[in-house]
Amino acid sequence: MTETPEKRRALITGVTGQDGSYLAELLLEKGYQVWGMVRRASSANTARIDHLAEGGGGNPHFEVVFGDLNDASSLNHILRSVRPHEVYNLGAQSDVKVSFDIPEYTGDITGIGTVRLLEGIRENGLDTSFYQASSSELYGKVVDSPQSETTRFYPRSPYAAAKAYAFHVTRNYREAYAMFAVNGILFNHESPRRGENFVTRKITRGVARILAGELDCLRLGNLNARRDWGFAGDYTVAMWMMLQAEKPDDYVIASGETHPVREFCELAFERAGVPLTWRGEGVDEEGMSADGDVLVRVDPRFFRPAEVDLLLGDASKARRELGWEPRVSFMELVYMMVDADLARVGVAPREREASPTA
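Everything numeric in this text was worked out from a predicted model, so none of it was measured.

## Some remarks on the overall build of the chain
Scanning the chain from terminus to terminus reveals eleven helices and 15 strands. Taking 2.2 N^0.38 as the reference for a compact globule, 358 residues should give roughly 21 Å; the C-alpha atoms of the chain span a radius of gyration of 21 Å, in line with that estimate. Across its three principal axes, the chain shows a C-alpha extent of roughly 70 × 50 × 45 Å. In the chain, buried positions account for 54% of the 358 residues. Taking as baseline every contact in the chain between residues at least 6 positions apart, the subset at least 24 positions apart corresponds to 76%.

## Brief notes about the environment of Leu 211
Its location among the elements puts Leu 211 in helix α6 (residues 199-211). Of the residues examined, Leu 211 reaches a relative accessible area of 16% and is grouped as buried. Taking the C-alpha atoms as reference points, Leu 211 and Arg 194, separated by 17 residues in sequence, lie 20 Å from one another.

## Thoughts on a nonpolar patch on the surface
Side chains of Val 98, Ile 102 and Tyr 105 sit close together on the surface and give an oily, nonpolar patch of about 210 Å² of accessible area. Relative to the helices and strands, Ile 102 is located in the loop between α3 (96-101) and α4 (103-123). Judged by relative accessible area, which is 35%, Ile 102 ranks as partly exposed.

## Section: the nonpolar core
Ile 12, Leu 27, Tyr 88, Tyr 131, Met 242 and Ile 253 are the most contacted members of the largest nonpolar core, which totals 34 residues. Of all the secondary structure elements, the ones that give two or more residues to this core are β1 (9-13), α1 (18-29), β2 (33-38), β5 (129-135), β6 (181-186), α7 (232-244) and β11 (251-253). A total of six residues in this core trace back to one element, the largest contributor, which is α7. Non-local contacts of Met 242, meaning those with residues more than four positions away in its chain, are made with Tyr 131, Phe 180, Val 182, Asn 183, Gly 184, Leu 186, Tyr 251, Ile 253 and Leu 322. Core analysis: the next-biggest nonpolar cluster, separate from the first, contains 32 residues, Leu 211, Leu 276, Val 298 and Leu 333 among them.

## Quick look at helix α10 (residues 330-345)
An ideal rise of 1.5 Å per residue puts 22 Å on 16 residues; α10 measures up with 23 Å between its terminal C-alpha atoms. Phe 330, Leu 333, Val 334, Tyr 335, Met 337, Val 338, Asp 341 and Leu 342 are the residues of α10 that are buried. Contacts from the buried residues of α10 go to β7 (189-190), α6, β10 (230-231), β12 (259-260) and α8 (261-271). Directly beyond the C-terminal end of α10, a positive phi value near 75° is found at Gly 346.

## Some remarks on unusual backbone geometry
Following Ser 145, the chain continues into Pro 146 via a peptide bond in cis, with omega recorded as 0°. Checked against the element boundaries, Pro 146 lands in the loop between β5 and α5 (158-177). Look at Arg 83: it is not a glycine, yet its phi comes out positive at around 45°. At Ala 178, a position not held by glycine, the phi torsion is positive, near 55°. Of note, Ala 178 is situated in the loop between α5 and β6.

## Comments concerning the packing of aromatic side chains
Within this structure, the stated rule accounts for ten aromatic pairs. On the numbers, 5.0 Å between centres and 85° between planes, the contact of Phe 153 with Phe 167 is edge-to-face. Of the two residues, Phe 153 sits in the loop between β5 and α5 while Phe 167 sits in helix α5, which places them 14 residues apart along the sequence. Here the guanidinium or amino end of Arg 122 rests over the ring plane of Tyr 177, the centre of that ring lying 4.8 Å away. Against the face of Trp 278 rests Arg 262, its NZ or CZ located 5.7 Å from the ring centre.

## Section: α1
In a regular helix each residue adds 1.5 Å, so twelve residues correspond to 16 Å; α1 covers 17 Å between its end C-alpha atoms and thus fits that length. Most of α1 is tucked away, with eleven of its twelve residues classed as buried. Directly after α1, the chain includes Gly 31, whose backbone phi takes a positive value near 90°.

## Some words on the sheet that holds strand β14 (residues 286-288)
Spatial ordering of the open sheet is given by β8-β15-β14-β13, a layout of four strands whose pairing is mixed. Looking at strand neighbours, the two that pair on one side only are β8 (218-220) and β13 (277-279), the edges of this open sheet. Strand-to-strand, the axes of this sheet are offset by a mean angle of 20°, without reference to chain direction. With three bridges connecting them, β14 and strand β15 (residues 294-298) associate as antiparallel partners. Residue pairing across strands places Gly 287 opposite Val 296, the latter belonging to β15. Its contacts with the sheet put α6 on β8 and β15, and the angle it makes with β8 is roughly 165°.

## Re the sheet that holds β2
What the seven strands build is an open sheet, ordered β3-β2-β1-β4-β5-β6-β11; its pairing is parallel. Edge positions in the sheet fall to β3 (62-66) and β11, since each of these pairs with one other strand and no more. Between one strand axis and the next, the sheet turns by 20° as a mean value, whatever way the strands run. Each of β1, β2, β3 and β4 (86-89) touches α1; the most contacted strand, β1, lies at about 175° to it.

## Some remarks on the pairing of β5
Of all the seven residues making up β5, seven are buried; the element is thus mostly covered by neighbouring parts of the structure. Side chains Ser 129, Tyr 131, Ala 133 and Ser 135 of β5 all project onto a buried face; the interleaved residues Phe 130, Gln 132 and Ser 134 project onto the opposite face, where all are buried too. In terms of strand pairing, β4 meets β5 through four bridges, oriented parallel. Counterpart to Asn 89 in the pairing with β5 is Gln 132. Pairing analysis gives six bridges linking β5 to β6, with the strands arranged parallel. Residue pairing in the sheet places Ser 135 in a bridge with Leu 186 of β6. With respect to chirality, the unit in which β5 leads through α5 into the neighbouring parallel β6 is right-handed.

Quick notes on the rules
- Residues numbered from 1 in each chain as written.
- Predicted model: local features only at pLDDT ≥ 70, side-chain atom pairs only at ≥ 80, totals over all residues.
- Heavy atoms only, no water.
- Helix = DSSP H or I, 4+ residues; strand = E, 2+ residues; numbered from the N terminus.
- Rg over C-alpha atoms; globule rule 2.2 N^0.38 Å.
- Buried < 20%, exposed > 50% of the residue type's maximum accessible area, 1.4 Å probe, protein only.
- Contact = heavy atoms within 4.5 Å.
- Patch = residues over 30% accessible without salt bridge, like charges linked within 9 Å, V, L, I, M, F, W, Y side chains within 5 Å.
- Areas by Shrake-Rupley, 256 points an atom, 1.4 Å probe, with all protein chains shown as cover.
- Salt bridge = Lys/Arg side-chain N within 4 Å of Asp/Glu carboxyl O.
- Core = buried A, V, L, I, M, F, W, Y, C linked by side-chain atoms within 4.5 Å.
- Expected span 1.5 Å × (residues − 1).
- Phe/Tyr/Trp six-rings, centres within 6.5 Å; stacked < 30°, edge-to-face > 60°.
- Lys NZ or Arg CZ within 6 Å of the ring centre and 35° of its normal.
- Pairing = 2+ DSSP bridges.
- Axes fitted to C-alpha atoms, helices over the stretch in contact; angles between N-to-C directions.
- Right-handed = clockwise from strand over helix to strand, strands pointing away.

Put into structure tokens, the structure is as follows:
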């Protein structure tokens, strides 16, 4: 009699976030048994994974477990119970601007939380592959462009500094204890599931609210900041690929293109049928519609204490060694996010409203 192969078991911290939800779906499609770690809170924050949970009639191979990256005992209990083949550490205090307001908490969750997980795997003697969600914010005040796995880090926020600790401690456990532990240095990746506090989602949601008459003007910070943006669904595939490689290593995941925040705005309003023109400069800059309405204003309140001006990733190593390629272009990404937010508020782009019905 042939034995049924054991299902691969995966644990995802930060499963309620954008990346966690896409990764959970990917692993379930690949036949994994998936546990998603969620913090207990007075209000639920599980909207992105409700379709997977059993309570919502979801996938029987997905289970929520409660734990916290600042509580080693909860992590150890989960690791002993699940005995995962793979751990994806996506949990963090991930808002860069907020990290300046709560630097100690950010360091504890985003930095020390990583070593709590690694030590839990080691102490429990688990044969577990470990993925650490690193960030392009590590490069901060960039010294070389594009940024690759060998580019020097220059963190410019408490969040980035905590991610730098997590990066180095993951590499340390790989070298000191022969653990299969990898860092994915992911550049900005977005989707319709992106949190509303992130600039891309703030833009696309703002566009939708303006068309719905719920908002007069979108207020943003530095329009000149340039980022390397990709689609989160593509980037979670790279996470999985890293843990299937023959040997553990660190990889940059990026599109290889950089675009300013201003261009993201232009494409978003264009998709909504409201092309922008610009006037002014610096903190006086404004984006206007053809009717003369000011739809975008620069607001100094949204500038960071230490700005990251340019991020551009070189993912040639991931392309060469993992066979990873991004599928969704920058324009497709912006359009995807705008369309989703327009649908959420129940409005159509103005140009489509003017089109005759077929």
